[in-house]
Amino acid sequence: MKRRLPREFFARDAAAVARDLLGRVLCRRLPDRRVLRGRLVEVEAYVGPEDRASHAWRGRTPRNVAMFEAGGIAYVFRVYGIHFCLNAVTGRQGFPAAVLLRAAESPIDGVSASGPGRLCRAFSVDASFDGASFVGPDLWLEPGDLAPDRAVQRTARIGVDYAGAWARRRLRFVVAGSPDASGPRRLR
DNA sequence: GGTGCGATTGCA
DNA sequence: GCAATCGCACCA
């Protein structure tokens, strides 16, 4: 069995974790014991309580409690009443921060999950994973092998235009040239 | 207790 | 271009 990224991996600020997550392999063990794997190619950092684009901006609520936990767990929320979005919680207990996983490509079969909602569907992640361990038996990350010199593109985050100056912060990280990058055709 | 809307997607 | 669809945040 391959190595899992340890809890300490998540115990840094969200932007650092986000950058480091590119090329890592998202792993999900299904009830039938099959294991799905996909290389992360697009993520976004939500960096703290002052980040106006973050769900935690207005403080702790029933929805976002997972963001306030110590790094190493999942934060899953429903968006537009239809889709789920999967985040890796980062940082220390009490400080709300997370990395939204937006797109992955499968190193095995080349199937891509482009977009946070589609990623959750592809990996069969739903609200029951909110607060679940990201170093657990059903959900974890493996190191992966992104070439160190593989270019990483930084852009503004998608769909947070309401967030004032925070909307313009370049907290979206994409593996340059990845065909699986999601978002509006327009790349900001 | 009522209301407005979103860290999106798919289809016209 | 826009409907789908619902939990949650906010106001009363």
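Now for a description of the structure that goes with this document. Note that the structure is predicted; figures quoted are calculated from it, not measured.

Across its full length, chain A holds two helices and nine strands. Secondary structure elements in chain A, listed N-terminal to C-terminal, are α-β-β-β-β-β-β-α-β-β-β. For chain A, whose C-alpha radius of gyration is 15 Å, the value lies close to the compact-globule estimate of 16 Å for 188 residues. Here the C-alpha coordinates of chain A stretch approximately 40 × 35 × 30 Å along the principal axes. A separation threshold of at least 6 residues defines the contact pool for chain A, and within that pool the share at least 24 residues apart is 62%. In chain A, the 32 positive side-chain charges and the 19 negative ones have mean positions that sit 3 Å from each other.

Our focus in this paragraph is the side chain of Arg172. Its location among the elements puts Arg172 in strand S9 (residues 172-175). At a separation of 2.7 Å, a polar atom in the side chain of Arg172 contacts the side chain of Glu42.

In total, this model carries nine salt bridges according to the counting rule given. Asp20 is paired through a salt bridge with Arg12; the nearest N and O atoms lie 3.0 Å apart. Among the residues examined, Asp20 registers a relative accessible area of 23% and is labelled partly exposed. Taking relative accessible area as the criterion, Arg12 reaches 30% and is therefore assigned partly exposed. Linking Asp20 and Arg24 is a salt bridge whose minimum nitrogen-to-oxygen distance equals 2.7 Å. Using a relative accessible area of 18% as the deciding quantity, one classes Arg24 as buried. One network of salt bridges, in which partners are shared, links Glu42, Glu44, Arg102 and Arg172.

Relative to the assigned elements, Gly136 resides in the loop between helix H2 (116-122) and strand S7 (139-142). Judged by relative accessible area, which is 6%, Gly136 ranks as buried. Remark: the alpha-carbon pair of Gly136 and Leu30, spanning 106 residues in sequence, is separated by 12 Å.

The bulk of non-glycine residues show a negative phi, and the bulk of peptide bonds are trans. Within the chain, Arg33 stands out as a residue other than glycine whose phi angle is a positive 80 degrees. Phi at Tyr80 is positive, roughly 55 degrees, even though this residue is not glycine. Position of Tyr80 among the secondary structure elements: in the loop between strand S3 (74-79) and strand S4 (83-89). For Tyr80, a relative accessible area of 74% gives the class exposed.

Now for the protein's contact with DNA strand C. Every residue near DNA strand C is listed here: Arg58, Thr61, Pro62, Arg63, Tyr80, Gly81 and Ile82. One nitrogen or oxygen atom from the side chain of Arg58 is found 2.4 Å from a phosphate oxygen belonging to DNA strand C. Between DNA strand C and Tyr80 there is a distance of 2.5 Å, counted from a base oxygen to a backbone nitrogen or oxygen.

Once that is clear, we can look at the protein's contact with DNA strand B. In the vicinity of DNA strand B lie 22 residues, with Tyr80, Asn87, Gly115, Gly117 and Tyr162 positioned nearest. Expressed as a percentage, the sugar and phosphate content of the atoms of DNA strand B within 4 Å of the protein is 50%. Take His83: an N or O atom from its side chain is 3.0 Å from a sugar or linking oxygen of DNA strand B. The separation between a phosphate oxygen of DNA strand B and a polar side-chain atom of Tyr162 is 2.7 Å. Elements represented by at least two residues in the surface near DNA strand B include exactly S3, S4, strand S5 (98-105) and H2. Element by element, the count of residues in the surface near DNA strand B is highest for H2, at four residues. Looking at side-chain class alone, the surface near DNA strand B contains 12 nonpolar, seven polar and three charged residues.

Rules and cut-offs
- For every chain, the first residue of its written sequence is number 1, and the numbers climb from 1 along that sequence.
- Ligands are numbered from 1 and chains lettered from A, in the order in which they are written.
- In view of the model being predicted, local features appear only for residues whose pLDDT reaches at least 70, and side-chain atom pairs are presented and counted only at 80 or more, with totals across whole chains, interfaces and linings using the full set of residues.
- Excluding hydrogens and water, the side-chain figures rest on all heavy atoms present in the structure.
- Segments assigned H or I by DSSP are reported as helices when at least four residues long, segments assigned E as strands when at least two residues long, and all are numbered from the N terminus.
- Here the globule rule reads 2.2 Å times residues to the power 0.38, and the radius of gyration is calculated from C-alpha atoms.
- Should any heavy atoms of two residues lie within 4.5 Å, those residues are considered in contact.
- All tallies of charge rest on Lys and Arg as positive and Asp and Glu as negative; His and the ends of each chain are not included.
- For the purpose of locating charges, the reference atoms are NZ of Lys, CZ of Arg, CG of Asp and CD of Glu.
- Nitrogen and oxygen atoms within 3.5 Å of one another constitute a polar contact, given that in protein one can donate a hydrogen and the other can accept it, and given that sequence-neighbouring residues count only through two side-chain atoms.
- Note on definitions: salt bridges are taken to be side-chain nitrogens of Lys or Arg within 4 Å of carboxyl oxygens of Asp or Glu.
- Think of it in three bands: residues with accessible area under 20% of the maximum for their type are buried, residues over 50% are exposed, and the middle band is partly exposed, with areas taken using a 1.4 Å probe on protein chains only.
- A molecule or strand has a residue near it when one of that residue's heavy atoms lies within 4 Å.
- Note on residue classes: Ala, Val, Leu, Ile, Met, Phe, Trp, Tyr, Cys and Pro are nonpolar, Asp, Glu, Lys and Arg are charged, and everything else, Gly too, is polar.

Functional significance is not addressed by these values, which are geometric in nature.
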